[in-house]
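# Survey of secondary and tertiary structure
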Amino acid sequence: IAPFDHVSNFTDASGRVRTDRDGYPLEFATGEQVTTRLNEVFGWNGWSFKQIAWGYEREFDAVWVDCELIIVQDPMHNLGPIIKQASGAQRPNRDKQGEIINFGDDRKGAATDALKKAASLLGIGLYLYDKTRHQGQTQPASQSATSGAVAPVPGQTTPQGVPSAPSWMGAA
């Protein structure tokens, strides 16, 4: 499947572009780009997406979503339905006092992450996960990578009414 016309770069809180271990910018496709590509390939009524589970993992301060991307009919191979499952996660957005601003928006972000991952299992945006795609390119000038890892925030608790991650996800 053809690459997207444009991809975005991950940035940190200060606006600096995050990079991988080799100093190349971390790139991603937006949810709108993935949705458009799914519509182009399978038609607007040729696929569906549903959340099958969601919750909040306090240890990692992350909202998570498990989803299914269902291809109703593959027009190229006359196959269907095809079901791809994936998970996504997002750190909650918080106000200055550390309170979650809008849990629904955080859940939506995690669901978009899961949709993009599930679509990559069909080849949509898969090239963005290829660690070798920069081979042969000139090394970037900046080697000051900003780590993508984030530590749990001490003292934060699970929001009321939100399920914890299932045990198979390694939750404590």
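Structural data are supplied above this passage.
Since this is a predicted model, take the numbers as computed values, not measurements. (Residues numbered from 1 in each chain as written. Predicted model: local features only at pLDDT ≥ 70, side-chain atom pairs only at ≥ 80, totals over all residues. Heavy atoms only, no water.)

The terminal C-alpha atoms of helix 1 (residues 31-42), which comprises 12 residues, lie 16 Å apart, in line with the 16 Å expected from a rise of 1.5 Å per residue. The complete set of buried residues in helix 1 reads Gly31, Gln33, Val34, Arg37, Leu38 and Phe42. One side of helix 1 holds all its buried residues, which, seen down the axis, span an arc of 160 degrees. Looking at helix 1, the residues exposed on the side facing more than 90 degrees away from the buried face are Glu32 and Glu40. The secondary structure elements touched by the buried residues of helix 1 are strand 2 (27-28), strand 3 (47-57), strand 4 (62-71) and helix 2 (103-120). Taken from the residues just after helix 1, Gly43 is the one with a positive phi, measuring 85 degrees. (Helix = DSSP H or I, 4+ residues; strand = E, 2+ residues; numbered from the N terminus. Expected span 1.5 Å × (residues − 1). Buried < 20%, exposed > 50% of the residue type's maximum accessible area, 1.4 Å probe, protein only. Arc of directions from axis to C-beta. Contact = heavy atoms within 4.5 Å.)

Once that is clear, we can look at unusual backbone geometry. The phi dihedral of Asp61 falls on the positive side, at around 50 degrees, and the residue is not glycine. Looking at where Asp61 falls in the secondary structure, it is placed in the loop between strand 3 and strand 4.

Taking 1.5 Å of rise per residue, the 18 residues of helix 2 would be expected to cover 26 Å, and the 26 Å separating its terminal C-alpha atoms lies within 8% of that figure. Listed as buried for helix 2 are Phe103, Asp106, Gly109, Ala110, Ala111, Ala114, Leu115, Lys116, Ala118, Ala119 and Ser120. Against the buried residues of helix 2 lie strand 2, helix 1, strand 3, strand 4 and strand 5 (82-90). One side-chain oxygen of the residue at the start of helix 2 lies 2.9 Å from the amide nitrogen of Gly104, identifying that residue as Asn102. (Polar contact = N/O pair within 3.5 Å; in protein donor to acceptor, adjacent residues only side chain to side chain.)

Glancing now at the sheet that holds strand 4. Spatially, 3 strands are ordered 3-4-5 in an open sheet, and the strand pairing comes out antiparallel. For this open sheet the edge positions go to strand 3 and strand 5, each flanked by a neighbour on one side alone. When the angles between neighbouring strand axes are averaged without regard to direction, this sheet yields 20 degrees. Pairing of strand 4 with strand 5 involves 9 bridges; the strand directions are antiparallel. Bridge pairing links Ile70 to Ile83 in strand 5. (Pairing = 2+ DSSP bridges. Axes fitted to C-alpha atoms, helices over the stretch in contact; angles between N-to-C directions.)

Quick look at the pairing of strand 4 now. Extensive coverage of strand 4 is indicated by the burial of 10 of its 10 residues. Two elements, strand 3 and strand 4, share 10 bridges in a ladder whose sense is antiparallel. Each residue of the ladder has a partner; that of Gln51, found in strand 4, is Cys67.

This part covers the packing of aromatic side chains. As enumerated under the stated definition, the model contains 2 aromatic pairs in all. An aromatic cluster is built from Trp54, Tyr56 and Phe103, whose rings are joined through pairwise contacts. (Phe/Tyr/Trp six-rings, centres within 6.5 Å; stacked < 30°, edge-to-face > 60°.)

With that out of the way, let us pick up the nonpolar core. Among soluble globular proteins, nonpolar side chains are generally buried collectively. Within the largest apolar cluster, 17 residues are counted, with the highest numbers of intra-cluster contacts made by Val34, Leu38, Trp47, Leu69 and Ile124. Elements with a contribution of two residues or more to this core: helix 1, strand 4 and helix 2. (Core = buried A, V, L, I, M, F, W, Y, C linked by side-chain atoms within 4.5 Å.)

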